[in-house]
Amino acid sequence: MNFHEVRFPASLSFGSVGGPERRTDIVTLANGFEERNTPWAHSRRRYDAGLGMRSLDDVETLISFFEARQGQMFGFRWKDWSDFKSGPATADADKGDQVIAKGNGTQTEFQLIKTYSSGGFSYVRPIVKLALGTVKLGLDQDEMREGVDFDVDLDTGLVTFATPPAEQVEITAGFEFDVPVRFDTDKIQTSVASFQAGDVPNVPVVEVRV
């Protein structure tokens with residue numbers, strides 16, 4: 001896939017605006033009731049990278065990053081400051097943040113996930129593009145050691161245990177992660193005069209499936 005394993009400068013994405021987007025098809029019936037369906041199992045995130053620009057040096061950094069990705073051609077990592085941890089944004093990732101599965105005595109490979117819950121309902125998001133050195137795993141609250149008890153693929157979010165977790169053993173995880181994205185435009189328009197007057201460029205970024 002056309003993807004560069006490089007993160008957009010986190011200092012610039014810090015000031016961006018964006019978040020999850022859903023697609024819902026709504027049909028209003030003759031009696032006034034609605035039928036609602038969605039073709040998307042997972043949300044798709046969108047951001048505006050231009051809003052994080054604070055200086056002309058930032059604009060130059062953006063243009064260099066844009067050119068190196070050849071516009072929309074190559075994807076890259078994006079740090080979503082509002083949602084980049086397995087647990088609370090104000091706390092460090094902990095091995096007990098997310099329950100990802102239960103062991104069955106034979107399976108060794110598991111996908112890292114993050115569950116969003118509210119009002120008795122939940123959505124499970126597969127997690128990819130893990131941040132290096134942040135993944136922690138637990139088996140019934142016993143912390144595992146990366147490189148000894150398990151290995152993790154930072155690109156796909158798959159963890160592989162050296163020994164299959166025993167049946168009904170709760171597998172938990174904590175981690176930090178990026179969002180795989182690409183630029184949603186093939187041009188950036190800006191000028192020194194307009195930027196100094198407070199007019200920042202519009203640089204749309206959209207999540208990609210990997």
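Refer to the structure printed above.
Please read these numbers as outputs of a predicted model, since none were measured by experiment.

About the cut-offs
- Residues numbered from 1 in each chain as written.
- Predicted model: local features only at pLDDT ≥ 70, side-chain atom pairs only at ≥ 80, totals over all residues.
- Heavy atoms only, no water.
- Helix = DSSP H or I, 4+ residues; strand = E, 2+ residues; numbered from the N terminus.
- Buried < 20%, exposed > 50% of the residue type's maximum accessible area, 1.4 Å probe, protein only.
- Contact = heavy atoms within 4.5 Å.
- Areas by Shrake-Rupley, 256 points an atom, 1.4 Å probe, with all protein chains shown as cover.
- Lys, Arg positive; Asp, Glu negative; His and termini not counted.
- Charge placed at Lys NZ, Arg CZ, Asp CG, Glu CD.
- Pairing = 2+ DSSP bridges.
- Expected span 1.5 Å × (residues − 1).
- Arc of directions from axis to C-beta.
- Patch = residues over 30% accessible without salt bridge, like charges linked within 9 Å, V, L, I, M, F, W, Y side chains within 5 Å.
- Salt bridge = Lys/Arg side-chain N within 4 Å of Asp/Glu carboxyl O.
- Phe/Tyr/Trp six-rings, centres within 6.5 Å; stacked < 30°, edge-to-face > 60°.
- Lys NZ or Arg CZ within 6 Å of the ring centre and 35° of its normal.

1. Side note on the overall build of the protein chain
- Helix and strand content of the protein chain: three helices and 17 strands.
- If one aligns the C-alpha atoms of the protein chain with their principal axes, the spans along those axes are about 65 × 55 × 35 Å.
- Looking at the protein chain residue by residue over its 210 residues, the buried ones come to 39%.
- For the protein chain, the share of sequence-separated contacts (at least 6 apart) that also reach a separation of at least 24 residues comes to 74%.
- Accessible area of the protein chain: about 11,500 Å², with a carbon and sulfur share of 49%.
- For the protein chain, the distance from the average position of its 22 positive side-chain charges to the average position of its 32 negative side-chain charges is 3 Å.

2. Concerning the sheet that holds strand β11 (residues 136-139)
- Across the sheet, four strands lie side by side as β7-β15-β11-β12; this open sheet has antiparallel pairing. Each edge of the open sheet is held by one strand with a lone partner, namely β7 (98-102) and β12 (142-143).

3. As for the pairing of strand β5 (residues 44-48)
- Relative to β5, strand β2 (residues 17-21) runs antiparallel, the two being bridged by five bridges. Looking at the pairing, Glu 21 lines up with Arg 44 of β5.
- By the bridge criterion, three bridges tie β5 to strand β17 (residues 204-207) in an arrangement that is antiparallel. Of the residues in β17, the one forming a bridge with Arg 46 is Val 206.

4. Some thoughts on helix α2 (residues 56-68)
- Between its terminal C-alpha atoms α2 stretches 18 Å, which fits the 18 Å expected from 13 residues at 1.5 Å a residue.
- Looking only at α2, the buried set comprises Asp 58, Val 59, Leu 62, Phe 65 and Phe 66. Across the axial projection of α2, the buried residues extend over an arc of 125 degrees, all falling on one side. In this structure, α2 carries Asp 57, Glu 60 and Glu 67 as exposed residues pointing more than 90 degrees from its buried face.
- For α2, the elements touching its buried residues are β1 (3-7), α1 (10-13), β6 (75-78), β16 (179-183) and α3 (192-196).
- At the C-terminal side of α2, Gln 70 shows a positive phi close to 55 degrees.

5. Things to note about a nonpolar patch on the surface
- On the surface, Val 27, Leu 29 and Phe 33 cluster together to form a nonpolar patch covering roughly 290 Å² of accessible area.
- Topologically, Phe 33 is positioned in the loop between β3 (25-28) and β4 (34-37).

6. Considering the packing of aromatic side chains
- As enumerated under the stated definition, the model contains 14 aromatic pairs in all.
- Measuring from centroid to centroid gives 5.8 Å for Trp 81 and Phe 84, while their planes differ by 65 degrees, and the two rings are edge-to-face.
- By relative accessible area, Trp 81 is classed as partly exposed at 33%.
- With relative accessibility at 10%, the residue Phe 84 sits in the buried group.
- Among the aromatic residues, ring-to-ring pairing joins Phe 8, Tyr 47, Phe 65, Phe 66, Phe 76, Trp 78 and Phe 183 into one connected group.
- The ring of Tyr 123 is capped by Arg 22, whose NZ or CZ atom sits 4.6 Å from the centre of that ring.
- Here Lys 129 stacks its cationic end above the ring of Phe 3, 4.1 Å away from the centre of that ring.

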